[in-house]
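This is what each chain is made of:
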Amino acid sequence: MIEASWLLFVVTSLAIIATPGQDMILVMSRSIAQGSAAGVATAAGVSCGLVGHTLLATAGLGAILRTSEWLFVALKFAGGAYLVFLGVQLLRTPSRALSVPAGAPRRTWRLFVDGALSNLSNPKIAVFYFAFLPQFVLPGAAQPTLTVFVLGLVFAALTFVVKGPVGLGAGMLSGWLRERPGVLGWLDRVSGTVLIGLGVRLAFERRP
């Protein structure tokens, strides 16, 4: 049985995924340059890259769980502090603009690989996964390692649910956003506030 705070996880995940970070910018940029299909292929690659991070996070967290329950609790507190740090960073992020990549059009499979490698090679995502996923495992869960694994897969799926449609309609949406960098900043502030609130909540969460 998967014991997790599902509603909080889904709401927080969607807020984070919608943030115009590296992966979102990549999807939008490919859509502007090569069309909707290119954006969807890139989004699919990004989501598959998250599956790789899920496997790494599950293996690492599983080792910690086997070592000591106290270490896992400490990790959750550290993870809460890290989420607050990420939120503050987002609030301080200056306005950004989308850029269109130059060069010859890339094939669909290359776009997929680009998305996957861009995600897998980003160490910040690995650290984020390690800090983020344990926060939603309920205290006293019978199978916390399996729960972390399932949460990671759900996050990857939600990523495609959000970024796939963005890639599909980015020919129009991204052009509008490129002319309005303030909108990207607003999304950063919303996501940053969500992360700070989550980190503070976790710090004061009562555990049995």
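Residues numbered from 1 in each chain as written. Predicted model: local features only at pLDDT ≥ 70, side-chain atom pairs only at ≥ 80, totals over all residues. Heavy atoms only, no water.

A. Up close: the overall build of the protein chain. The number of helices and strands found in the protein chain is eight helices and zero strands. Helices and strands in the protein chain line up, N terminus first, as α-α-α-α-α-α-α-α. Expressed as a percentage of its 208 residues, the buried residues of the protein chain come to 43%. On the protein chain, roughly 10,200 Å² of surface is accessible, and the fraction owed to carbon and sulfur atoms is 70%. (Helix = DSSP H or I, 4+ residues; strand = E, 2+ residues; numbered from the N terminus. Buried < 20%, exposed > 50% of the residue type's maximum accessible area, 1.4 Å probe, protein only. Areas by Shrake-Rupley, 256 points an atom, 1.4 Å probe, with all protein chains shown as cover.)

B. Structural view of the packing of helix H2 (residues 22-34) against helix H5 (residues 108-120). Here H2 crosses H5 at 160°, and the two axes come no closer than 10 Å. Looking at the two axes, H2 sits roughly antiparallel to H5. Crossing angle aside, the handedness with which H2 passes H5 is right-handed. Residues Gln 22, Asp 23, Leu 26, Arg 30 and Gln 34 of H2 lie in contact with H5, whose contacting residues are Leu 111, Asp 114, Gly 115, Ser 118 and Asn 119. (Axes fitted to C-alpha atoms, helices over the stretch in contact; angles between N-to-C directions. Parallel < 35°, antiparallel > 145°, perpendicular 65-115°, else oblique. Left-handed = near helix turned anticlockwise from the far one by under 90°. Contact = heavy atoms within 4.5 Å.)

C. Region of the structure containing the confidence of the model for the protein chain. When pLDDT is averaged along the protein chain, the result is 78, and 79% of the positions lie at 70 or above. By mean pLDDT, helix H8 (residues 181-203) is the weakest element of the protein chain at 73, and H5 is the strongest at 87. (pLDDT = per-residue confidence, 0-100.)

D. Layout of the pattern of salt bridges. Inspection of every chain in the model, using the stated rule, returns one salt bridge. Put simply, Arg 30 and Asp 114 hold a salt bridge, and the shortest N to O gap is 3.8 Å. With Arg 30 in helix H2 and Asp 114 in helix H5, this residue pair connects regions lying 84 residues apart in the sequence. Here Arg 30 matches Asp 114 in class, with each residue buried. (Salt bridge = Lys/Arg side-chain N within 4 Å of Asp/Glu carboxyl O.)

E. A look at the environment of His 53. Here His 53 shows up in helix H3 (residues 36-67). Here His 53 falls in the buried class, since its relative accessible area comes to 3%. Spatially, the C-alpha atoms of His 53 and Pro 123 are 9.7 Å apart, while their sequence positions differ by 70 residues. Apart from residues no more than four positions distant in its own chain, His 53 is found in contact with Asn 119, Leu 120, Asn 122, Ile 125, Ala 126 and Tyr 129.

F. How the structure looks around the environment of Thr 159. Structurally, Thr 159 can be placed in helix H7 (residues 144-178). The buried category is assigned to Thr 159, whose relative accessible area is 2%. Thr 159 sits 142 residues away from Ile 17 along the chain, and the two C-alpha atoms are 6.0 Å apart. Excluding residues that lie within four positions of it along the chain, Thr 159 makes contacts with Ile 17, Val 46, Ser 47, Leu 50 and Gly 164.

G. Spatial organisation of the nonpolar core. Judged by nonpolar contacts, the single largest core of 29 residues is most densely connected at Phe 128, Phe 132, Leu 133 and Phe 155. Secondary-structure elements contributing two or more residues to this core are helix H1 (6-17), H2, H3, helix H4 (69-91), helix H6 (123-132), H7 and H8. Discounting chain neighbours no more than four positions away, the residues touching Leu 133 are Phe 9, Ala 57, Val 148, Leu 151 and Gly 152. (Core = buried A, V, L, I, M, F, W, Y, C linked by side-chain atoms within 4.5 Å.)

H. The arrangement of a nonpolar patch on the surface in detail. Taken together, the side chains of Trp 109, Phe 112, Val 113, Leu 117 and Leu 120 make up a nonpolar region of the molecular surface, amounting to roughly 470 Å² of accessible area. Structurally, the position occupied by Trp 109 is in helix H5. (Patch = residues over 30% accessible without salt bridge, like charges linked within 9 Å, V, L, I, M, F, W, Y side chains within 5 Å.)

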